[in-house]
Amino acid sequence: MSKDTKLVLILLVIAVLLAGVPLFALKGADFGGSDDAGSQMIAEVHADYQPWFEPVLETIIGGELPGEVESLFFCLQTGIGVGIIAFIMGRFVERKKQEDKRAAGE
Amino acid sequence: MSKRQKRAVKLATVFAAIFAVVPAVNAMHIMEGYLPAGYCIAWGVICLPFLVAGFFSLKKILKENRRAMTILAMSGAFIFVISSLKIPSVTGSCSHMTGTGLGAILFGPGVVGILGIIVLLFQALLLAHGGLTTLGANTFSMAIAGPFLAYGIYKLCLKCKVNRRISIFLAAFLGDIFTYCVTSLQLALAHPAENGGVAISAAKFLGVFAPTQLPLAILEGILTLVIMIALETYAKAELKSIGFYKEVK
């Protein structure tokens, strides 16, 4: 295993731990969004403040976006991103393999 | 940049400079039923010169070098993925990362502004996350302030001969943190505390965001570094072609 591979593996393990540990360490926490925490803060420091604009989509469908649909859109966003990264990385990796083979053949 | 492009950037800068003064003057009136609509517009206008400059720099990069397209697409896609992942944090609430550090390191902060606003639009329109009226403020914190700091940190680290990988990590890490600092400040400016004003309010907002964001910023640093290692291994030619190795002696 090369030095880089090792480093990447270690980094990925740390990444998973960073994201995973709170979930197990803080049992019973509701893990709401910090954006919501932000709106609560606004309510605290600026008690009589009313949001003056509703999200366009929520206005069109006349209510809050259903949780499942919201997760669908989030997945869509992740999916588009991962698709592009995977496609390009795939090409790069394969290209390097070909180049290495050609270099070895010469 | 051509002469005409330069003029457009200048014009937008002047435009922004004029408007940037306005909220500072109005800030005293916020307490009494101030509609933050003015802030929405002001932040949007402040973003303009950065976006215009970013657009031209993007155009130039793509015109001179078609190979940059793949790396550019990667940077954009990285922001897409990273900013869609809501990660649980130590404070018991979730937040997500920005992913803008990668693009800033590779292409400079201007280009990331354009990439970032695409993501923000997507989230504002489909996810009711962020919003159209706050697009300007969000663009400023996530797609302009954060990347600018990340870019600055990266360049500074290289100048001080810090290890490249550590520089990348630091840039992405601090860029992420800074994004949330700016967000706190933006919120505080529009919603100063009853007693204590903007500073107290900023500290309060920062108190909500910072502990949640800190581990995520570390995570962002790590992920940015991982993808950079992957690019360094498999896409050396592309990185060279966008001048990534130029500053290394």
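In this text, all values refer to a predicted model and were calculated from it rather than measured experimentally.

Student: Explanation requested: the overall build of chain B in the structure shown.
Tutor: Secondary structure assignment for chain B yields 9 helices and 2 strands. Taken from the N to the C terminus, the helices and strands of chain B come in the order α-α-α-β-β-α-α-α-α-α-α. For chain B, the residues scored as buried account for 56% of the 249 residues in total. In chain B, 72% of the contacts between residues at least 6 apart in sequence involve partners at least 24 apart. As displayed, chain B has an accessible area near 10,600 Å², and 72% of this comes from carbon and sulfur atoms.

Student: Can you help me understand the overall build of chain A in this one?
Tutor: On a plain count of helices and strands, chain A comes out with 4 helices and 1 strand. N-terminal to C-terminal, the α/β element order of chain A is α-β-α-α-α. Of all 106 residues assigned to chain A, the portion counted as buried reaches 24%. Total accessible area on chain A stands at roughly 7,400 Å², and carbon and sulfur atoms take up 65% of it.

Student: Help me out: how do you make sense of the packing of helix α2 (residues 37–64) of chain B against helix α5 (residues 109–126) of chain B in this one?
Tutor: Helix-helix packing: each pair is described by the crossing angle between the helix axes and the interaxial distance. All names here are of chain B. Between α2 and α5, the least distance of the axes is 7 Å, while the angle of their chain directions is 105 degrees. When the interaxial angle is binned, α2 and α5 end up roughly perpendicular. Along its contact with α2, which presents Phe50, Leu51, Gly54, Phe55, Ser57, Leu58 and Ile61, the element α5 presents Gly110, Val111, Gly113, Ile114 and Ile117.

Student: Which parts of the structure should I look at to understand unusual backbone geometry?
Tutor: Trans peptide bonds make up most of the peptide bonds, and negative phi angles are found at most residues other than glycine. In this structure, Lys161 of chain B takes a positive phi of about 60 degrees despite not being glycine. Along the chain, Lys161 of chain B turns up in the loop between α6 (135–159) and α7 (164–190).

Student: Sorry, what's going on with the UniProt feature "transmembrane region" (unreviewed entry) in chain A here?
Tutor: This chain's UniProt record puts "transmembrane region" (unreviewed entry) on residues 71–93 of chain A. Helix makes up 100% of residues 71–93 of chain A and strand 0%, whereas the separation of the span's terminal C-alpha atoms amounts to 31 Å.

Student: Which parts of the structure should I look at to understand the packing of helix α4 (residues 67–105) of chain A against α5 of chain B?
Tutor: Relative orientation of the contacting elements α4 of chain A and α5 of chain B amounts to 160 degrees, with a least axis distance of 10 Å. In terms of orientation, α4 of chain A lies roughly antiparallel with respect to α5 of chain B. Remark: the crossing between α4 of chain A and α5 of chain B carries right-handed chirality. In contact with Phe73, Phe74, Leu76, Gln77 and Ile80 of chain A of α4 of chain A, α5 of chain B contributes Val119, Phe122, Gln123 and Leu126 of chain B. Here the residues of the contact of α4 of chain A with α5 of chain B sort into 7 nonpolar, 2 polar and no charged.

Student: What should I look at first to understand the UniProt feature "transmembrane region" (unreviewed entry) in chain B in this one?
Tutor: Residues and elements named next belong to chain B. UniProt feature "transmembrane region" (unreviewed entry): in the numbering of this structure it lies at residues 37–56, 105–128, 135–154, 166–190 and 202–231. End C-alpha to end C-alpha, residues 37–56 measures 29 Å, and it is 100% helix and 0% strand. Secondary structure over residues 166–190 splits into 100% helix and 0% strand, and the C-alpha atoms at its two ends are 36 Å apart.

Student: I'm lost on a nonpolar patch on the surface in this one. Help?
Tutor: The grouping of Val13, Leu17 and Val21 of chain A at the surface amounts to a nonpolar patch, some 260 Å² of accessible area in total. As for its position among the elements, Leu17 of chain A is in helix α1 (residues 3–25).

Student: For this particular structure, what's the right way to read α1 of chain A?
Tutor: Think of an α-helix as turning once every 3.6 residues; residues three or four places apart then point the same way. In a regular helix each residue adds 1.5 Å, so 23 residues correspond to 33 Å; α1 of chain A covers 32 Å between its end C-alpha atoms and thus fits that length. Turning to α1 of chain A, its buried residues number three or more, namely Val8, Leu11, Ala15, Ala19 and Pro22 of chain A. Buried-residue contacts for α1 of chain A involve β1 (86–88) and α8 (197–234) of chain B.

Student: Explanation requested: the packing of aromatic side chains in the structure shown.
Tutor: Aromatic rings in a pair are described by how distant their centres are and how their planes are angled relative to each other. All names here are of chain B. Summed over all chains, the structure comprises 5 aromatic pairs over all chains. Pairing Phe50 with Phe148 gives two aromatic rings, centres 5.4 Å apart and planes at 75 degrees, and the pair type is edge-to-face. One end of the pair, Phe50, is in helix α2; the other, Phe148, is in helix α6, and 98 residues separate them in sequence. By relative accessible area, which is 38% here, Phe148 ends up partly exposed. Taken together, the ring pairs connect Phe50, Phe140 and Phe148 into an aromatic cluster.

Student: How should I be thinking about the confidence of the model for chain B in this particular structure?
Tutor: Detailed reading of the predicted model is not advised wherever pLDDT is low. Residues and elements named next belong to chain B. Looking at chain B as a whole, the pLDDT averages 79, with 86% of positions reaching at least 70. Ranking the elements of chain B by mean pLDDT puts helix α1 (residues 3–26) last, at 60, and helix α4 (residues 100–107) first, at 91. Across residues 20–35, where pLDDT falls below 50, the model places 18 contacts with residues more than four positions away in sequence or in other chains. Both scores are available for the predicted complex, with the pTM at 0.80 and the ipTM at 0.78.

Student: Please explain the side chain of Ser83 of chain B as it appears in this structure.
Tutor: Turning to its location among the elements, Ser83 of chain B is positioned in the loop between α3 (68–82) and β1. Within polar-contact distance, the side chain of Ser83 of chain B engages the backbone oxygen of Ile79 of chain B at 2.7 Å. Leave out the neighbours within four places in its chain, and Ser83 of chain B touches Phe74 and Gln77 of chain A together with His96, Met97, Thr98, Val119 and Gln123 of chain B.

Calculation rules
Residues numbered from 1 in each chain as written. Chains lettered and ligands numbered in written order. Predicted model: local features only at pLDDT ≥ 70, side-chain atom pairs only at ≥ 80, totals over all residues. Heavy atoms only, no water. Helix = DSSP H or I, 4+ residues; strand = E, 2+ residues; numbered from the N terminus. Buried < 20%, exposed > 50% of the residue type's maximum accessible area, 1.4 Å probe, protein only. Contact = heavy atoms within 4.5 Å. Areas by Shrake-Rupley, 256 points an atom, 1.4 Å probe, with all protein chains shown as cover. Axes fitted to C-alpha atoms, helices over the stretch in contact; angles between N-to-C directions. Parallel < 35°, antiparallel > 145°, perpendicular 65-115°, else oblique. UniProt positions renumbered as here; feature names shortened; annotations may be inferred. Left-handed = near helix turned anticlockwise from the far one by under 90°. Nonpolar A, V, L, I, M, F, W, Y, C, P; charged D, E, K, R; others polar. Patch = residues over 30% accessible without salt bridge, like charges linked within 9 Å, V, L, I, M, F, W, Y side chains within 5 Å. Salt bridge = Lys/Arg side-chain N within 4 Å of Asp/Glu carboxyl O. Expected span 1.5 Å × (residues − 1). Phe/Tyr/Trp six-rings, centres within 6.5 Å; stacked < 30°, edge-to-face > 60°. pLDDT = per-residue confidence, 0-100. Polar contact = N/O pair within 3.5 Å; in protein donor to acceptor, adjacent residues only side chain to side chain.

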